[in-house]
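Residue-level structure breakdown
The chain contents come next:
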Amino acid sequence: VQLVESGGGLVQPGGSLRLSCAASGGIISRYTVGWFRQPPGKDREFVSAIPWTSGTDYADSVKGRFTISRDSAKNTVYLQMSSLKPEDTATYYCAAQSIYTIPNDVRSAREYRDWGQGTQVTVSS
């Protein structure tokens, strides 16, 4: 499945952004989709995931501030980000595991096969 992220940009601390991950070449509801981010000079880290089965998962650092959702009609997964902090500054990537993979470890980047190109989020005053 091919993934394209959009929605990044520059936002002030406390602001909000909604990232989109549009899928093609597959039905996104059949895949576990995750969001990861890579801050400048740091390793890629897990942000959130929405398994094709049920439920959602969030990193502790974003829990209560970020919300992941899926719109099957638009074949898109969203990441709504609120109360943004400077430490949220990063390149954000969406990724998909192989179709119908049992979502045993949604937090590991190694479990994801397909990746988007990333979208930059900068939180600064």
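Our structure's up above, just so we're on the same page.
Here goes a summary of the coordinates provided. This one's a predicted model, so the numbers in the text were calculated from it and none came from an experiment.

1. So, the packing of aromatic side chains
What the rule picks out here adds up to six aromatic pairs. Arranged with centres 5.8 Å apart and planes meeting at 75°, the rings of Phe36 and Phe46 form a pair that is edge-to-face. Pair noted here: Phe36 is in strand S4 (residues 33–38) and Phe46 is in strand S5 (residues 45–50), with a separation of ten residues, a long-range link. Each member of the pair, Phe36 as well as Phe46, carries the same accessibility label: buried. Centroid distance Phe36 to Trp115: 5.2 Å. Interplanar angle 50°. Geometry classified as tilted. Here the residue Phe36 occupies a position in strand S4, and Trp115 occupies one in strand S10 (residues 114–115), the gap between them amounting to 79 residues. A relative accessible area of 1% means that Phe36 is categorised as buried. Residue class for Trp115 comes out partly exposed when judged on its relative accessible area of 27%. Pairwise contacts between aromatic rings join Phe36, Phe46, Tyr93, Tyr112 and Trp115 into one cluster. When the ring centre of Tyr93 is taken as origin, the NZ or CZ atom of Arg44, which lies over that ring, is 4.1 Å away.

2. Re the side chain of Thr76
Considering the arrangement of structural elements, one finds Thr76 in strand S8 (residues 76–81). A relative accessible area of 6% places Thr76 in the buried class. In terms of polar contacts, Thr76 uses its side chain to reach the backbone carbonyl oxygen of Lys74, at 2.8 Å. With residues up to four places along the chain from it excluded, the contact list for Thr76 reads Ser20, Cys21, Ala22, Ile28, Ser69, Arg70 and Asp71.

3. A look at the pattern of salt bridges
Summed over the entire model, instances satisfying the criterion amount to six salt bridges. Residue Glu45 is joined to Arg37 by a salt bridge in which the shortest nitrogen-to-oxygen separation is 2.6 Å. Classification of Arg37 as buried rests on a relative accessible area of 4%. Asp60 is paired through a salt bridge with Lys63; the nearest N and O atoms lie 3.4 Å apart. Taken together, the shared-partner salt bridges connect Arg37, Glu45, Arg65 and Asp88 into one network.

4. Focus on the sheet that holds strand S3 (residues 17–24)
Picture the strands of a sheet paired through backbone hydrogen bonds; they go either parallel or antiparallel. Spatial ordering of the open sheet is given by S1-S3-S8-S7, a layout of four strands whose pairing is antiparallel. Both edges of this open sheet fall to strand S1 (2–6) and strand S7 (66–71), since each of them pairs with a single strand only. On average, each strand axis in the sheet is inclined to that of its neighbour by 15°, with strand direction left out of account. Sheet analysis places S7 next to S8, joined by six bridges and oriented antiparallel. Bridge pairing in S8 places Arg70 opposite Val77.

The rules behind these values
Residues numbered from 1 in each chain as written. Predicted model: local features only at pLDDT ≥ 70, side-chain atom pairs only at ≥ 80, totals over all residues. Heavy atoms only, no water. Phe/Tyr/Trp six-rings, centres within 6.5 Å; stacked < 30°, edge-to-face > 60°. Helix = DSSP H or I, 4+ residues; strand = E, 2+ residues; numbered from the N terminus. Buried < 20%, exposed > 50% of the residue type's maximum accessible area, 1.4 Å probe, protein only. Lys NZ or Arg CZ within 6 Å of the ring centre and 35° of its normal. Polar contact = N/O pair within 3.5 Å; in protein donor to acceptor, adjacent residues only side chain to side chain. Contact = heavy atoms within 4.5 Å. Salt bridge = Lys/Arg side-chain N within 4 Å of Asp/Glu carboxyl O. Pairing = 2+ DSSP bridges. Axes fitted to C-alpha atoms, helices over the stretch in contact; angles between N-to-C directions.

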